[in-house]
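# A look at the structure
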Amino acid sequence: MGKALAEIKEKDLHQFPFSNLKFDKIGKERGHYLVTEYKKSFKNPEGAKMQLLFYMYLLKKNLKLKEINGKVISGKKVIYVEGSEENMQMMEKLLEEIATFVSNPLPPKPKKIPFCKKCGYRDYCF
Ligand code: SF4
């Protein structure tokens, strides 16, 4: 759905495959790069924001970009994601935590949280 929306909106921006990721749109706006992702819905706005920040982090680091920002669009709602140094450091810390987590020989015991009800990984977890 995100891909279909991207095809009909913001024709001045471009699809941009990078590594094994494919961003919906990327373009230049007032001297900085802007990544745009389209979502069918905002069931998990924080998840959508973090996914985009991860893409921005990869682009900034690997392409050595000076400034990058992003936005996630769902219908008329837009979430702006700043590519600030603070956000990039937060992403770096999260990636380190994930690397530590996945290097554990055994996963922790599952703990049900309210979000589990809507989670796409539910079948793997429980
Ligand atoms: S089902 Fe598993 S992966 Fe999904 S939110 Fe719950 S604990 Fe996390």
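Residues numbered from 1 in each chain as written. Predicted model: local features only at pLDDT ≥ 70, side-chain atom pairs only at ≥ 80, totals over all residues. Heavy atoms only, no water.

You'll find the protein chain entered in an unreviewed UniProt entry as CRISPR-associated exonuclease, Cas4 family, with Hydrogenimonas thermophila given as the organism.

### Digging into the site of the ligand
In the region of the ligand, the neighbouring residues are Phe115, Cys116, Cys119, Arg122, Cys125 and Phe126. Placement of the ligand is best described as lying within the largest pocket. Its residues placed into classes, the shell around the ligand shows five nonpolar, no polar and one charged. (Near = heavy atom within 4 Å. 1 Å grid on protein atoms, 1.4 Å probe; cavity = no way out; pocket = protein on both sides within 12 Å on 5 of 7 lines; lining within 4 Å. Sits in = over half its atoms within 2 Å of the grid points. Nonpolar A, V, L, I, M, F, W, Y, C, P; charged D, E, K, R; others polar.)

### Concerning helix H3 (residues 85-102)
Between the first and last C-alpha of H3 there are 26 Å, a value that for 18 residues agrees with the 26 Å anticipated at 1.5 Å per step. Every buried residue of H3 is accounted for by Asn87, Met88 and Met91. Down the axis of H3, the sector holding all buried residues measures 100°, keeping them to one side. Structural note: H3 exposes Glu85, Glu86, Lys93 and Thr100 on the side pointing more than 90 degrees away from its buried face. On its buried face, H3 sits against helix H2 (45-63) and strand E4 (68-74). (Helix = DSSP H or I, 4+ residues; strand = E, 2+ residues; numbered from the N terminus. Expected span 1.5 Å × (residues − 1). Buried < 20%, exposed > 50% of the residue type's maximum accessible area, 1.4 Å probe, protein only. Arc of directions from axis to C-beta. Contact = heavy atoms within 4.5 Å.)

### Details of the layout of surface pockets
As a volume, the largest pocket reaches approximately 480 Å³. Forming the walls of the largest pocket are 13 residues, and the residues nearest its centre are Asn44, Phe115, Cys119, Gly120 and Tyr121. A class-by-class count of the residues in the lining of the largest pocket yields eight nonpolar, two polar and three charged. (Points joined across faces, edges and corners; volume = space filled by probe spheres on them.)

### Examining the nonpolar core
Core analysis: the largest hydrophobic core is formed by 19 residues, its most contacted members being Val35, Leu52, Leu53, Met56 and Ile68. At the level of elements, H2, E4, strand E5 (77-81) and H3 are the ones that each hand at least two residues to this core. It is H2 that contributes the most residues to this core, nine residues altogether. Here isoleucine 68 is in contact with Tyr33, Val35, Met56, Leu59, Lys60, Gly83 and Met88, once residues within four sequence places are set aside. (Core = buried A, V, L, I, M, F, W, Y, C linked by side-chain atoms within 4.5 Å.)

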